[in-house]
Amino acid sequence: MNQKYIVQVDDLKLVFEDGTQFSFADINIAKGKITGIIGPNGSGKTTFVEAVLDLKKPQIAKIWIDGKTQKDFFSEAKNRQNLGSQLQVFAFSETIKVSEMVALHKALYNQQSTRVYDDLALAEISSKRLDKLSGGQKQRVNLFMALAHLPSFITLDEPSAALDKTMAETLISLLKYIVTNEGCSIMLVTHHPYELDICDEIMTIYGGTNTYLETRKDFIENIIGSHHAQIFIGENDDAAAIETQIKHIADVKQHFRQNGHVDIFGNGNMEGDFLALVKRHNLKSYSFAHTNSADILKISTSYAS
Amino acid sequence: MSLFIQLALIDLKSYFRNSFALFFTFLFPVLLLFLLMLAFGGNDGPSKTYVKISGEGARAERFTKDLKTILGSSRGVVFDIQKLTVENAKFSNGVVITIPQNAAEKIDIQVQKDAPLNTYSRIYALMLVNAMGEIGYEKWDYVLNIVAPSEAPILQGLKYGQYLIPGVMGMILISTSLFGFCTFLVEQRAKGAFKAYHLYPLQKWKFIAAFTSTRYLILLGFSFIFLFVADWVYGMDAVFDLALIGKLFLLISLGTLTFLSLALLISARIMAVGMVTGIANLLFYPATFASDLYIPQGGFPQIVKSLADLFPLGPFADAMRAIVYKGASLSDISYSLINMSIWTIICFGLTLILFKWTTD
């Protein structure tokens, strides 16, 4: 298998009792990069990650992790020394104290980063039992268990869920630090623009299958476009005529109408035609800007097709 | 600190912070013993059922010898011929058997009727009738009467509390293993807690060994506390010297490991909490009912006795009664020790192969 990739999925099929099916193929997650996995709720992001982590039993699984078959990777404890995973569920016995989780981590991995401990501010909650922690505090412990040994392969599933803004920003800095200094690879399931901001590659999942896997630059250039225009349509505006004219603007890659506004994605060259359209229809409320992570998430979730 | 010790320490600390678990492990058994004593033990604390055998001559001697052989080997019965004294004459529960010298005359069996709450004396009477059948007496050879208390010399004493204490201990060990520990593991798996363990550099055997060690210590602690309380409250009439404590330590350790391994095996593949409760109930109730824990096994069909003897619960209680009340040596209880060892090895072995971290 190609050593450039931390995860390779040639073929992965899962069928659940309720008939839900997931099918993934030809996925190569690059080493040393942060790969964001995005898509609508229920599209299969967590299922994909858990299947890669051998937590789901698929019908077909041709998966390699760090050059080893999935089976070989998980059959030896020493391989898991280099794995750090933050799952959505953090369900340890409620009467365990945070300090004991820290001690367990130390016993599991024999190494522990003080930077991770400090950044996640575990000292202030170390004497508390897990059942006395808030959702955000539990998430910090969950992240500590995944990151503190500075593993070479990390999977994170909505890591900043339940974190306050300050802690979410700290986490982003910490992830950047780990990738930069340790050269690790991260698979990051996310719905948050600030998490997507640090992703080098983007993989989209829609309807139980993978749709795109591109570098961030290519994803923007090929799928969305460098710019995002938005028009708010009032009651007196001729929405049908506006939409028809948008279709004729060169360089528009995608446009969507929803809840009284139209989103237009395309290259910067569309600016002139867009402004002419605004003027023609005397539209009062509009915007034109570079595409950002929020736009990428919008494309991959609300309107994905 | 090694991973094994760390896992065990965390589990132990976590357990002792759980007040519900502590109640059901340490306090509930004492309450259960109290309730069973109330239900089966008679009005005035530990009850005694006496068997008086009156008669002289070869027929009476042979009858006494045969009956002693049969009942003396039954679980829960301490068949010890003794003369009635003024002190034990106050016990009114009993069975009086009169044996005429003439073989043509019927044997008279009288069950005293002034012990209505003493269920055990009635069960004993049934066992007696059953035993007579085994030593060759047909039902036309004797007459069964319900009579008023006799003041004649009485033989055979039985203290229900002594019989009950090892039984209740066995019952609590298996119920805590099944309903406490086994259910806990299945719940943890169902909640997804074990997903993380699958991803840690942690071998299953280490987790299972740490969990077993912790729970073993908890149950061992419970057992000796229970014995101490039971002896203090009800009196076990045993001398707890070093030799007895050593034998008890070995027996309880093996019994605990047996029931733990059984619980671990059940938890190995069951994914739903509802299902584990059902299976635990299915195992627990017949096993505790048939294993001579609190209801004597004497009147049960042979097939039930045989099956119960294969399951480790009965042999555990048997062995404990034997070493506590009869001063049995380890070789005397070798069947029980071998039985439990086999169960332990098989269950642990299968657990190591079958145990799953996830519900998929």
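Before reading on, note that the structure itself is shown above.
## So, the overall build of chain A
Looking only at helices and strands, chain A features twelve helices and 14 strands. Scored against the burial criterion, the 305 residues of chain A give a buried share of 52%. Sequence-distant contacts, at least 24 apart, represent 68% of the contacts inside chain A between residues at least 6 apart. Summed over all atoms, the accessible surface of chain A reaches about 13200 Å², with 45% contributed by carbon and sulfur.

## Examining the environment of D54 of chain A
In this structure, D54 of chain A sits in the loop between α1 (45-52) and β4 (60-65). Looking at D54 of chain A, the relative accessible area reads 17%, which means it is buried. If near-sequence neighbours (up to four positions away) are discounted, D54 of chain A is found in contact with Q70 and F74 of chain A together with H198 of chain B.

## Focus: the packing of aromatic side chains
Residues and elements named next belong to chain B. Scanning the entire structure with this criterion turns up 36 aromatic pairs over all chains. Taken together, a centroid distance of 6.2 Å and an interplanar angle of 25 degrees make the contact between F207 and F211 stacked. Residue F207 and its partner F211 are located together in helix α7 (residues 204-234), separated by four residues, close to a single helical turn. The burial state of F207 is the same as that of F211; both residues are buried. Taken together, a centroid distance of 5.5 Å and an interplanar angle of 40 degrees make the contact between F222 and F226 tilted. Of the two residues, F222 and F226 are both situated in helix α7; the distance of four residues between them amounts to about one turn of the helix. Taking the ring centre of F181 as reference, the NZ or CZ of R215 above it sits at 4.9 Å. In this arrangement the basic side chain of R215 is found over the ring face of F184, its NZ or CZ atom lying 5.2 Å from the centre.

## Let's talk about the packing of α7 of chain B against helix α8 (residues 242-269) of chain B
Residues and elements named next belong to chain B. At a minimum axis separation of 9 Å, α7 and α8 run at an interaxial angle of 135 degrees. Comparing their axes, α8 and α7 come out oblique. At the point where α7 passes α8, the crossing takes the right-handed sense. Across the interface between the two elements, I208, F211, T212, R215, Y216, L219, L220, S223, F224 and L227 from α7 touch I245, L248, F249, I252, S253, T256, L257, L260 and L264 from α8. Taken together, the residues of the contact of α7 with α8 break down into 14 nonpolar, four polar and one charged.

## Notes on the interface of chain A and chain B
In this assembly, 28 residues from chain A lie in contact with 25 residues from chain B. Sorting the residues of chain A by area buried against chain B places L55, E100 and L108 of chain A first, and these three jointly supply 21% of that buried surface. As a salt-bridge pair, K195 of chain B and E50 of chain A come within 3.0 Å of each other at their nearest N and O atoms. Linking chain A to chain B there are nine residue pairs in polar contact (both at pLDDT 80 or more). Secondary-structure elements contributing two or more residues to the side of chain A that touches chain B are α3 (77-80), β6 (83-86) and α4 (98-109) of chain A. Class assignment for the residues of the side of chain A that touches chain B results in 16 nonpolar, four polar and eight charged.

## Quick notes on the pairing of strand β9 (residues 201-206) of chain A
Residues and elements named next belong to chain A. Of all six residues in β9, five are buried; the element is thus mostly enclosed. In the sheet, strand β3 (residues 34-38) pairs with β9 via four bridges, with the strands oriented parallel. Counterpart to G36 in the pairing with β9 is I202. Judged from the six bridges that link them, β9 and strand β10 (residues 209-215) form a sheet pairing that is antiparallel. The residue bridging E201 from the neighbouring strand is T215, located in β10. Counting the residues in the hairpin turn of β9 and β10 gives two residues, including G207, whose phi is positive at 60 degrees.

## Description of helix α12 (residues 293-300) of chain A
Given 3.6 residues per helical turn, the α-helix brings residues three or four places apart onto the same face. All names here are of chain A. A large share of α12 lies buried, amounting to six of its eight residues. Those residues of α12 that sit buried are S293, D295, I296, L297, I299 and S300. Put simply, N292 is the residue that caps the front of α12, since its side-chain oxygen is 3.0 Å from the backbone nitrogen of A294.

## Concerning the sheet that holds strand β12 (residues 252-258) of chain A
All names here are of chain A. Across the sheet, which stays open at both edges, the four strands sit in the order β12-β13-β11-β14 with antiparallel pairing between neighbours. What marks the edges here is a single partner per strand, and that holds for β12 and β14 (286-290). Neighbouring strand axes in the sheet, compared pairwise and without regard to direction, differ in orientation by 15 degrees on average. With six bridges joining them, strand β11 (residues 227-232) and strand β13 (residues 261-266) adopt antiparallel strand pairing. Following the sheet pairing, H227 is matched in β13 by G266. Along the sheet face, helix α11 (residues 271-280) touches β11, β13 and β14 and points at about 170 degrees away from the line of β14. Of the strands in this sheet, β11, β12, β13 and β14 touch α12, which is tilted by about 105 degrees from β13.

## With respect to the pattern of salt bridges
A full pass over the atoms with the stated rule returns 19 salt bridges over all chains. Put simply, K57 of chain A and D54 of chain A hold a salt bridge, and the shortest N to O gap is 2.8 Å. The salt bridge involving K13 of chain B is made with E100 of chain A; its shortest N-O contact spans 3.9 Å. Within this pair, whereas K13 of chain B is found in helix α1 (residues 3-16), its partner E100 of chain A is found in helix α4, the two belonging to separate chains.

## A short note on unusual backbone geometry
Residues and elements named next belong to chain A. If you check the backbone angles, D26 has positive phi at about 50 degrees while not being a glycine. With respect to the helices and strands, the residue D26 is situated in strand β2 (residues 21-30). D26 gets classed as exposed once you look at its relative accessible area, which sits at 62%. Notably, E158 is not glycine yet its phi reads approximately 50 degrees, a positive angle. Considering the arrangement of structural elements, one finds E158 in the loop between β7 (153-157) and α7 (165-182). Residue classification places E158 among the buried residues on the basis of a relative accessible area of 18%.

## A closer look at helix α6 (residues 135-147) of chain A
Residues and elements named next belong to chain A. A rise of 1.5 Å per residue sets the reference length of α6, with its 13 residues, at 18 Å; its end C-alpha atoms lie 18 Å apart and thus fit the reference within 8%. Burial of α6 is extensive: eleven of the 13 residues sit out of reach of the surface. Among the residues of α6, G136, Q137, Q139, R140, V141, N142, L143, F144, M145, A146 and L147 are the ones counted as buried. Those residues of α6 that are buried lie in contact with β6, α4, α5 (114-119), β7 and α7.

## Here we look at the side chain of K247 of chain B
Residue and element names in this part refer to chain B. In this structure, K247 sits in helix α8. We note that K247 is buried and unpaired, the nearest opposite charge coming from D241 at a distance of 6.9 Å. The residues contacting K247, other than those within four sequence positions of it, are I323, G327, A328, S329 and L330.

## A word on a nonpolar patch on the surface
Together, F20, F23, F24, L27 and L31 of chain B make up a nonpolar patch on the protein surface, roughly 510 Å² of accessible area in all. According to the relative accessible area criterion, F23 of chain B is partly exposed, its value standing at 31%.

Rules behind the numbers
- Residues numbered from 1 in each chain as written.
- Chains lettered and ligands numbered in written order.
- Predicted model: local features only at pLDDT ≥ 70, side-chain atom pairs only at ≥ 80, totals over all residues.
- Heavy atoms only, no water.
- Helix = DSSP H or I, 4+ residues; strand = E, 2+ residues; numbered from the N terminus.
- Buried < 20%, exposed > 50% of the residue type's maximum accessible area, 1.4 Å probe, protein only.
- Contact = heavy atoms within 4.5 Å.
- Areas by Shrake-Rupley, 256 points an atom, 1.4 Å probe, with all protein chains shown as cover.
- Phe/Tyr/Trp six-rings, centres within 6.5 Å; stacked < 30°, edge-to-face > 60°.
- Lys NZ or Arg CZ within 6 Å of the ring centre and 35° of its normal.
- Axes fitted to C-alpha atoms, helices over the stretch in contact; angles between N-to-C directions.
- Parallel < 35°, antiparallel > 145°, perpendicular 65-115°, else oblique.
- Left-handed = near helix turned anticlockwise from the far one by under 90°.
- Nonpolar A, V, L, I, M, F, W, Y, C, P; charged D, E, K, R; others polar.
- Buried area = accessible area lost by both parts, 1.4 Å probe.
- Salt bridge = Lys/Arg side-chain N within 4 Å of Asp/Glu carboxyl O.
- Polar contact = N/O pair within 3.5 Å; in protein donor to acceptor, adjacent residues only side chain to side chain.
- Pairing = 2+ DSSP bridges.
- Expected span 1.5 Å × (residues − 1).
- Lys, Arg positive; Asp, Glu negative; His and termini not counted.
- Patch = residues over 30% accessible without salt bridge, like charges linked within 9 Å, V, L, I, M, F, W, Y side chains within 5 Å.

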